[in-house]
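Letter by letter, the chains look like this.
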Amino acid sequence: TCTQTGGAFVFNNVIFGYHGEATLSGLNLNVRPGERIAIVGPSGSGKSTIARLLLRDYDPISGSVTIEGKDLRSMTSEERAAHMALVPQDPALFHLSLLDNIRYGRPSATDEEVEEAARRAQADQFIRATKQGYDTLVGERGVKLSGGQRQRVAIARAILREAPILILDEATSSLDSESELHIQMALAELMHGKTSIVIAHRLSTIRNADRIIVLDGGVISEEGTHEDLLLKGGLYARHWALQKDGFLTEAVIDVPEPEVVSE
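Overview of the structure. Since the model is a prediction, treat every value here as computed from it, not as a measurement. (Residues numbered from 1 in each chain as written. Predicted model: local features only at pLDDT ≥ 70, side-chain atom pairs only at ≥ 80, totals over all residues. Heavy atoms only, no water.)

The next thing to look at is the sheet that holds strand β9 (residues 211–216). Sheet strands pair via backbone hydrogen bonds, and the direction of the pair is either parallel or antiparallel. Taking strand neighbours across the sheet as the criterion, the 6 strands line up as β6-β7-β8-β3-β9-β10 in an open arrangement whose pairing is mixed. Since the sheet does not close on itself, it has two edges, and those belong to β6 (84–87) and β10 (219–224), each with one partner. With direction set aside, neighbouring strand axes in the sheet form an average angle of 20°. One ladder, built from 4 bridges, connects strand β3 (residues 36–40) with strand β8 (residues 195–199); its direction is parallel. Across the sheet, residue A38 finds its bridge partner in β8, namely V198. Taken strand by strand, helix α6 (residues 147–161) contacts β6 and β7 (165–169), and its axis lies near 175° from that of β6. (Pairing = 2+ DSSP bridges. Helix = DSSP H or I, 4+ residues; strand = E, 2+ residues; numbered from the N terminus. Axes fitted to C-alpha atoms, helices over the stretch in contact; angles between N-to-C directions. Contact = heavy atoms within 4.5 Å.)

Turning our eyes to something else, we now look at unusual backbone geometry. Positioned with a positive phi, N13 is a non-glycine residue whose angle comes to about 50°. Summarising the element assignment, N13 is placed in strand β1 (residues 9–18). A relative accessible area of 42% means that N13 is categorised as partly exposed. Of note, the phi angle at E162 is positive, near 60°, even though the residue is not glycine. (Buried < 20%, exposed > 50% of the residue type's maximum accessible area, 1.4 Å probe, protein only.)

Once that is clear, we can look at the packing of aromatic side chains. Applying the stated criterion to the full structure yields 5 aromatic pairs. Consider the rings of F16 and Y18, whose centres lie 5.4 Å apart with planes at 85°: the pair is edge-to-face. Look at F16 and Y58: their rings are 5.3 Å apart centre to centre, the planes differ by 10°, and that puts the pair in the stacked class. In this pair, F16 sits in strand β1 while Y58 sits in the loop between α1 (47–54) and β4 (62–67), placing the two residues 42 residues apart along the sequence. Neither residue differs from the other here; F16 and Y58 are each classed as buried. (Phe/Tyr/Trp six-rings, centres within 6.5 Å; stacked < 30°, edge-to-face > 60°.)

Here we come to the pairing of β1. Here 8 bridges tie β1 to strand β2 (residues 21–31), and the two strands are oriented antiparallel to one another. From the neighbouring strand, Y18 faces β2, where its bridge partner is E21. Two successive antiparallel strands, β1 and β2, enclose a turn made up of 2 residues, where H19 displays a positive phi of approximately 50°. Strand direction decides the pairing type here: β1 and β4, joined by 5 bridges, are antiparallel. The partner of N12 across the bridge, within β4, is S64.

On to the sheet that holds β2. Sheet architecture is open: 4 strands sit in the order β2-β1-β4-β5, paired in antiparallel fashion. The sheet is open, and its two edges are formed by β2 and β5 (70–71), each paired on a single side. Of the strands in this sheet, β1, β2 and β4 are in contact with α1, which crosses β1 at around 115°.

With that out of the way, let us pick up the nonpolar core. Of all hydrophobic cores here, the largest spans 43 residues; its most connected members are I155 and L190. Counting residues per element, this core draws most heavily on α6, at 7 residues. Beyond its immediate chain neighbours, meaning those up to four positions away, L190 contacts V87, I155, A158, I159, L166 and L168. With 27 residues, the next largest nonpolar core counts F16, Y58, V65 and M75 among its residues. (Core = buried A, V, L, I, M, F, W, Y, C linked by side-chain atoms within 4.5 Å.)

Inspection of the secondary structure puts H226 in helix α8 (residues 226–232). For H226, a relative accessible area of 2% gives the class buried. Other than its neighbours up to four places away in sequence, H226 contacts R207, I212, Y236 and W240.

All right, on to the pattern of salt bridges then. Counted according to the given criterion, the structure contains 14 salt bridges. Notably, a salt bridge pairs K70 with E79, separated by 3.0 Å at the nearest N-O pair. E79 sits in the partly exposed class, given a relative accessible area of 28%. Note that D100 and R103 form a salt bridge whose closest N and O atoms lie 3.9 Å from each other. Placement of both D100 and R103 in helix α3 (residues 98–103) is noted, with a separation of 3 residues, approximately one turn of the helix. Salt bridges sharing partners connect three or more residues here, namely R32, E35, R211 and E223. (Salt bridge = Lys/Arg side-chain N within 4 Å of Asp/Glu carboxyl O.)

On their own, these measurements won't tell you what the molecule is for.
Right, here's the structure in full:
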């Protein structure tokens, strides 16, 4: 079990770009322990880049990313892993049992701890409904599970990890409404008491954020609560007006960011 350390993190004048073009242009973001942050913005504005830099998939071209005052570049991979848990849009599952797939979040966890995490992630019921329960094999890449079931396995992993910082990268963008209800309940359980950064298309996942960060052109153009930003009548309010059934319109925001090309 990792020690809770508060989960504050800071982006200090971060510059980063793909293919020679700046995606983030001097980003400054200070996130307090336990704060729930949502990131929105047009395609290519740098939403997922923030998550990738926090996970240290990449390093900034200049500037720094720190957790609890410590630069990510000076932390070991084990230290970073202890601080962060990720729930991605398409979780990576292995052709192992459901028990082992959830235990991937913390390999030292007991069977009882895995089952408790599954209960909190709204996964225990569907797992017990399978013929072999927790011993059920999920198939290559989790092919035997629905999208909502895979997401609940990923959330159970994150619950088991007990990391103070939680990154949700499009965690509900491809689910039907019934699955989303289960996922929202599971995410509420997971996010309790944690520093959370939510990157989302579906506005129902971000309305209750403590602070919504609106990116535009690689910088923060607006920030505030949902109500604050609607009153401002800026980019967020325009996106809200264009939404349909809880989604931001594809033309505005739903284009994947380009992959970085390693040098």
